[in-house]
Each structure stands twice: as structure tokens, then as C-alpha cells.
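If you want the building blocks of each chain, they are given just below.
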Amino acid sequence: MKPLLFSITILLTACNGSVAVDSTFKQMDIANVPNGDTATFRPYKHDLFIASNGRLAYKTIDNTDPSKPEDRFVTAINTDSLNDEQKKELNEVIDTASFTHIGDLYYRDKNHVHYHVQMMDGGPFFIVWEADRNSFEVLDSSYYGKDKKKVFCRGGLMEQADAKSFKIVSQPNKHVYSWTAKDKNHSYDGGDVVNTRANK
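Asker: Sorry if this is basic, but what is going on with the overall build of the protein here?
Answerer: Helices and strands together make up the secondary structure of the protein, namely three helices and 19 strands. Taken over 200 residues, the protein has a buried fraction of 40%.

Asker: Could you clarify how one ought to interpret the confidence of the model for the protein in this entry?
Answerer: Confidence in the prediction of the protein, expressed as mean pLDDT, is 80, and 73% of residues score 70 or more. The weakest mean pLDDT in the protein belongs to helix H2 (residues 23–26) at 36; the strongest belongs to strand S9 (residues 106–108) at 97.

Asker: Please explain the pairing of strand S2 (residues 41–45) as it appears in this structure.
Answerer: Along a regular strand, successive side chains alternate from one face of the sheet to the other. Pairing between S2 and strand S3 (residues 48–51): four bridges, direction antiparallel. Pairing of Arg 42 across the sheet is with Ile 50, part of S3. Between S2 and S3, which pair antiparallel and follow one another directly, the connecting turn spans two residues, one of which, His 46, has a positive phi of 45°.

Asker: Help me understand the sheet that holds strand S13 (residues 144–146), please; the structure alone is not making it clear to me.
Answerer: Across a sheet, strands are paired by hydrogen bonds formed along the backbone, either parallel or antiparallel in direction. The strand order across the open sheet built from four strands is S12-S13-S14-S15, with neighbouring strands paired in antiparallel fashion. In this open sheet, the two strands that pair with only one neighbour each are strand S12 (137–138) and strand S15 (156–157). Across two bridges, the pairing between S12 and S13 is antiparallel. Note that in S13 the partner of Glu 137 across the bridge is Lys 146.

Asker: Looking at this structure, I do not really get the pattern of salt bridges. What am I missing?
Answerer: Oppositely charged side chains can pair when the atoms bearing their charge come close. Considering all chains together, one arrives at four salt bridges under this definition. In this structure, Asp 147 and Lys 150 form a salt bridge, with 3.5 Å as the shortest nitrogen-oxygen distance. Note on Asp 147: relative accessible area 4%, which makes it buried.

Asker: Is there a simple way to explain the environment of Ala 131 in this structure?
Answerer: For Ala 131, the position within the fold is in the loop between strand S11 (125–127) and S12. Residues Ala 131 and Lys 146, 15 residues apart in the sequence, show an inter-C-alpha distance of 7.7 Å. Residue contacts for Ala 131: discarding those within four places in its chain leaves Val 113, Phe 136, Asp 147, Lys 150 and Phe 152.

Asker: Any chance you could explain the sheet that holds strand S18 (residues 186–189) here in plain terms?
Answerer: The strand order across the open sheet built from four strands is S16-S17-S18-S19, with neighbouring strands paired in antiparallel fashion. The sheet is open, and its two edges are formed by strand S16 (167–168) and strand S19 (192–196), each paired on a single side.

Asker: In this structure, what is going on with unusual backbone geometry? I would like to understand it.
Answerer: Most peptide bonds are trans, and most residues other than glycine sit at a negative phi. Non-glycine residue Asp 47 carries a positive phi angle of around 75°. Within the secondary structure, Asp 47 sits in the loop between S2 and S3. Its identity is not glycine, yet Asp 104 carries a phi of approximately 45°, on the positive side. By the secondary structure assignment, Asp 104 is in the loop between strand S8 (100–103) and S9. Residue classification places Asp 104 among the buried residues on the basis of a relative accessible area of 10%.

Asker: Can you walk me through the environment of Ser 165 in this structure?
Answerer: With respect to the element layout, Ser 165 can be found in the loop between S15 and S16. Here Ser 165 falls in the partly exposed class, since its relative accessible area comes to 25%. Along the sequence, Ser 165 and Lys 184 sit 19 residues apart, while their C-alpha atoms lie 5.8 Å from each other. Among the polar contacts made by the side chain of Ser 165, one reaches the main-chain amide nitrogen of Lys 184 at a distance of 2.9 Å.

Asker: Even after reading the chapter, I still don't get the environment of Gln 118, so can you show me in this structure?
Answerer: Structurally, Gln 118 can be placed in the loop between strand S10 (113–116) and S11. Those residues in contact with Gln 118 that sit more than four places away from it in its chain are Leu 105 and Arg 154.

Asker: Can you help me understand the packing of aromatic side chains in this one?
Answerer: Between two aromatic rings, the relevant description is the distance of the centres plus the angle of the planes. Counted under the stated rule, the structure contains 13 aromatic pairs. Their ring planes at 65° and their centres at 5.4 Å tell us that Phe 49 and Phe 73 sit as a pair that is edge-to-face. Taken as a pair, Phe 49 in strand S3 and Phe 73 in strand S5 (residues 70–74) lie far apart in primary sequence, 24 residues in all. Per residue, the accessibility class of Phe 49 equals that of Phe 73, and both read buried. Both rings, one in Tyr 106 and one in Phe 136, keep their centres 5.2 Å apart while their planes meet at 50°; by these two values the pair is tilted. Residue Tyr 106 is found in strand S9, and its partner Phe 136 is found in the loop between S11 and S12; the two are separated by 30 residues along the sequence. With respect to burial, Tyr 106 and Phe 136 carry one shared label: buried. Taken together, the aromatic side chains of Tyr 106, Tyr 115, Phe 126, Phe 136 and Phe 152 make up a single cluster linked through ring pairs.

Conventions and cut-offs
Residues numbered from 1 in each chain as written. Predicted model: local features only at pLDDT ≥ 70, side-chain atom pairs only at ≥ 80, totals over all residues. Heavy atoms only, no water. Helix = DSSP H or I, 4+ residues; strand = E, 2+ residues; numbered from the N terminus. Buried < 20%, exposed > 50% of the residue type's maximum accessible area, 1.4 Å probe, protein only. pLDDT = per-residue confidence, 0-100. Pairing = 2+ DSSP bridges. Salt bridge = Lys/Arg side-chain N within 4 Å of Asp/Glu carboxyl O. Contact = heavy atoms within 4.5 Å. Polar contact = N/O pair within 3.5 Å; in protein donor to acceptor, adjacent residues only side chain to side chain. Phe/Tyr/Trp six-rings, centres within 6.5 Å; stacked < 30°, edge-to-face > 60°.

Here it is as C-alpha cells:
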């Protein structure tokens, strides 16, 4: 019976891009499912997981104890870049029909660009509010993304960066993501300016 219920849930969500959540979960004011609770969720699409009642989660790894890494399922998304406590259920924010992975840990749906920051405890999943979803692109083999006006490193806005001239500095090892970049005014190491007037 449970596999049939799960299949029906998947079919319904694929048709309309939204996922209905059983009302019992609405009463649970938690951001994350307890570690090790892997039976609750099954793979859905593009790193999203889904419970039998339709609740969405984003799967991360909790490495607080490096000898015992554990799956962690984030069920709420940060909806305010200035207030880490302001969250909503993924079901209320993610449009599943258009949700896709676009590079590094960046994702996009018809409404927003999203990012997951990897941290020891699994890290948060949030909306990149400053990004223009229509023109946003992830720069190959790097932690950087940009739209027509702004540049981002790991989802954070780089206020000094010039989007038009911003480019990745090639890494000798193609399998390592680049932290280094430059534009017409600066060189960058991650989100930090390390040299001004780099190209002049």
C-alpha cells in the first residue's frame, strides 16, 4: 500500500509542480529531520527528497562527528538573507516542476535561485534573493555564479565585483573547484578581494 501511495504522490506532483503536505507536519515547527531518519524520505529529483505524506526535504550530510557522518534532511528554507531564523517549509517555496540543479550547489525554479552552503552540521539551504533568476548562470568549475548585473560566491553577493568582466582564473587541476577569479578592477579569493586593479 505504501509504495502505491508514494507513486500516486509522485504522479500528482509531476503534473502540477506543487506538493501537498499532510496537515500533521504543519504542526511541527522544526527545520531539520533528526539525523539517521533516512526511512522518512525517498529520492525525488535534483537532490530533493520526499516523504510518503508529500513533505519535501533537501538532503545534506552532518559531519559534526567526522567518524560518523549522518544524513540530514533539511525541510525548511531560509527566506530572509538577514534573518537566519526566518524560514518556510520547502513545500511552500519550491516549485518542483521547474526545480533543477544548475551547477555547484546552485538550483533554480521558476521563482528563485537557491543555494546550499556545505558546513560541518550539514549547512543551510536558502533563497539567493539578490539574484535575477532569468539571467543567472553558474561559472564552470567554480563556486561563483552571476547574473547580468551581480556576482555571487557560494550564494553570497560580491558587492565590489563587476559582472561584465568577471571571469574564473583557471585551475591547474580541472577536478578542483576554483576559488580564484578576477574582473577589470580586482582579483578574488572566494568572496574576498586580494588585489586591486588586477588587469591594469
